[in-house]
Amino acid sequence: MYLLEILKRPFNTWFPNAGDRKAEGLGTFSGVYLPSILQMLGVILFMRLGWITGHMGLTKMTVIILIASSILFLTGLSMTSIVTNMKVGSGGSYYIISRSLGMEFGSAIGILMTLSQITTVAVCVTGFAISLHELLPHFSLTTLEIGTLIVLTVVSSFPVDFALKTQGLIFCVVMASIISVFLGSGSNIPESVTPLHSTETLGFWAAFALFFPATTGIESGMAMSGDLKTPSRSLAIGTIAAVVTAYCAYASLSCFLAMEVPGPLLRSH
């Protein structure tokens, strides 16, 4: 039992219980970094990174990742300069924009942000259902999508500390899956896996448009602004750390895939 308590200690520190959080608030890792990085390392990473890399090649893909990450990094710096010079309350991006540019402008942006979040949920749920459909082919894609939405609804109905601990488990699974990619090599690809014939081509800016949604996830961390112990500090550090982590993950994975997997195979899957 004592060993179990030692193993649980870091987890309880990052994801405090509801009673502890009321007195202190969430920290940088659980409140900002974790929601942001999980939003970035999503459907594009697991379903489209290799495909885009196969079409673009390593050089062009590196440029695409650098441009997209630079845009997000500059946005994060702008947000950091704002939150470190004002008192941040509940509302995340809407609060920051409305208090900086006015309620009218903030309300208009808030409506667009709501629509963008709905679209993001739809994309992520569909991507997850498509992946799950390969393991459960006897279920229709629509059934899997509805089931995923039901599970997410149930999780969101629990107290926020349960949702945060669920995110912690998902983060561990995502990190393990990324590490497992680097543990493999091109020599492990079965000979039975052959490229599919395809005449489809992809231009540079079309590839950029497909990849860019992967770098739009800092709003998830900013949405927790009302639950943070020190919002100004946590939003600044957590957001920039998430952007840098996402860039390293995408750049290293695209480089690994380009070197280990033949281009025709990447383009056909």
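Residues numbered from 1 in each chain as written. Predicted model: local features only at pLDDT ≥ 70, side-chain atom pairs only at ≥ 80, totals over all residues. Heavy atoms only, no water.

Novice: Help me out: how do you make sense of the overall build of the protein chain in this one?
Specialist: Looking only at helices and strands, the protein chain has 13 helices and 0 strands in total. Along the chain direction, N to C, the helices and strands of the protein chain fall in the order α-α-α-α-α-α-α-α-α-α-α-α-α. Going through the 269 residues of the protein chain one by one, you find that 35% of them count as buried. In the protein chain, the proportion of contacts linking residues at least 24 apart, taken out of those at least 6 apart, comes to 79%. (Helix = DSSP H or I, 4+ residues; strand = E, 2+ residues; numbered from the N terminus. Buried < 20%, exposed > 50% of the residue type's maximum accessible area, 1.4 Å probe, protein only. Contact = heavy atoms within 4.5 Å.)

Novice: Help me understand helix 10 (residues 204–211) in this model?
Specialist: Every α-helical turn comprises 3.6 residues, leaving residues that sit three or four positions apart pointing alike. Residues Ala207, Phe208 and Phe211 constitute the buried set of helix 10. End-on view of helix 10: buried residues confined to an arc of 100°, all on one side of the axis. Those residues of helix 10 that are exposed and aimed more than 90 degrees away from the buried face are Trp205 and Ala209. On its buried side, helix 10 packs onto helix 4 (43–47), helix 5 (49–83) and helix 12 (231–260). (Arc of directions from axis to C-beta.)

Novice: Which parts of the structure should I look at to understand the confidence of the model for the protein chain?
Specialist: Detailed reading of the predicted model is not advised wherever pLDDT is low. Scored by pLDDT, the protein chain has a mean of 80; 85% of the residues are at 70 or more. Confidence, read as mean pLDDT per element, is least for helix 1 (residues 2–14) in the protein chain (48) and greatest for helix 10 (91). Contacts for the low-pLDDT stretch residues 18–23, under 50 throughout, to residues beyond four places or in other chains number 6 contacts. (pLDDT = per-residue confidence, 0-100.)

Novice: Teacher, can you tell me more about the packing of aromatic side chains here?
Specialist: Two numbers describe a pair of aromatic rings. These are the distance of the centres and the angle of the planes. Counted by the stated rule, this structure contains 8 aromatic pairs. Here the aromatic rings of Phe204 and Trp205 are separated by 5.0 Å at their centres, their planes lie at 90°, and the arrangement is edge-to-face. Look at Phe204 and you get partly exposed, because its relative accessible area is 24%. Cluster of aromatic residues (ring-pair linked, three or more members): Phe204, Trp205, Phe208 and Phe212. (Phe/Tyr/Trp six-rings, centres within 6.5 Å; stacked < 30°, edge-to-face > 60°.)

Novice: Help me understand the nonpolar core, please; the structure alone is not making it clear to me.
Specialist: Generally speaking, a soluble globular protein has its nonpolar side chains buried in company with each other. Core analysis: the largest hydrophobic core is formed by 45 residues, its most contacted members being Leu41, Phe211, Leu235 and Tyr250. Of all elements in the fold, only helix 3 (28–40), helix 4, helix 5, helix 6 (93–101), helix 9 (160–182), helix 10, helix 11 (218–222) and helix 12 reach the threshold of two or more residues within this core. It is helix 5 that contributes the most residues to this core, 11 residues altogether. Not counting residues up to four positions away in its chain, the partners in contact with Leu235 are Val32, Met79, Val83, Val88, Gly221, Met222, Ser225 and Leu228. (Core = buried A, V, L, I, M, F, W, Y, C linked by side-chain atoms within 4.5 Å.)

Novice: How should the packing of helix 3 against helix 12 be read in this particular structure?
Specialist: Where helix 3 contacts helix 12, the axes come no closer than 8 Å and their chain directions differ by 35°. The handedness of the crossing between helix 3 and helix 12 is right-handed. For the pair helix 3 and helix 12, contact is made by Thr28, Val32, Tyr33, Ser36, Ile37 and Met40 and by Arg233, Ser234, Leu235, Ile237, Gly238, Thr239, Ala241, Ala242, Val243, Thr245, Ala246 and Tyr250, respectively. Along the lines of polarity and charge, the residues of the contact of helix 3 with helix 12 split into 11 nonpolar, 6 polar and 1 charged. (Axes fitted to C-alpha atoms, helices over the stretch in contact; angles between N-to-C directions. Left-handed = near helix turned anticlockwise from the far one by under 90°. Nonpolar A, V, L, I, M, F, W, Y, C, P; charged D, E, K, R; others polar.)

Novice: Is there a simple way to explain a nonpolar patch on the surface in this structure?
Specialist: A cluster of nonpolar side chains, contributed by Ile146, Ile150, Val154, Phe158 and Phe162, occupies part of the molecular surface with about 450 Å² of accessible area. When residues in the nonpolar patch are grouped by element, the largest group, 3 residues, is from helix 8 (residues 141–157). In this structure, Ile150 sits in helix 8. (Patch = residues over 30% accessible without salt bridge, like charges linked within 9 Å, V, L, I, M, F, W, Y side chains within 5 Å. Areas by Shrake-Rupley, 256 points an atom, 1.4 Å probe, with all protein chains shown as cover. Salt bridge = Lys/Arg side-chain N within 4 Å of Asp/Glu carboxyl O.)

Novice: Please clarify how the environment of Ala236 should be interpreted in this entry.
Specialist: Locating Ala236 in the fold gives a position in helix 12. Beyond its immediate chain neighbours, meaning those up to four positions away, Ala236 contacts Thr80 and Thr84.

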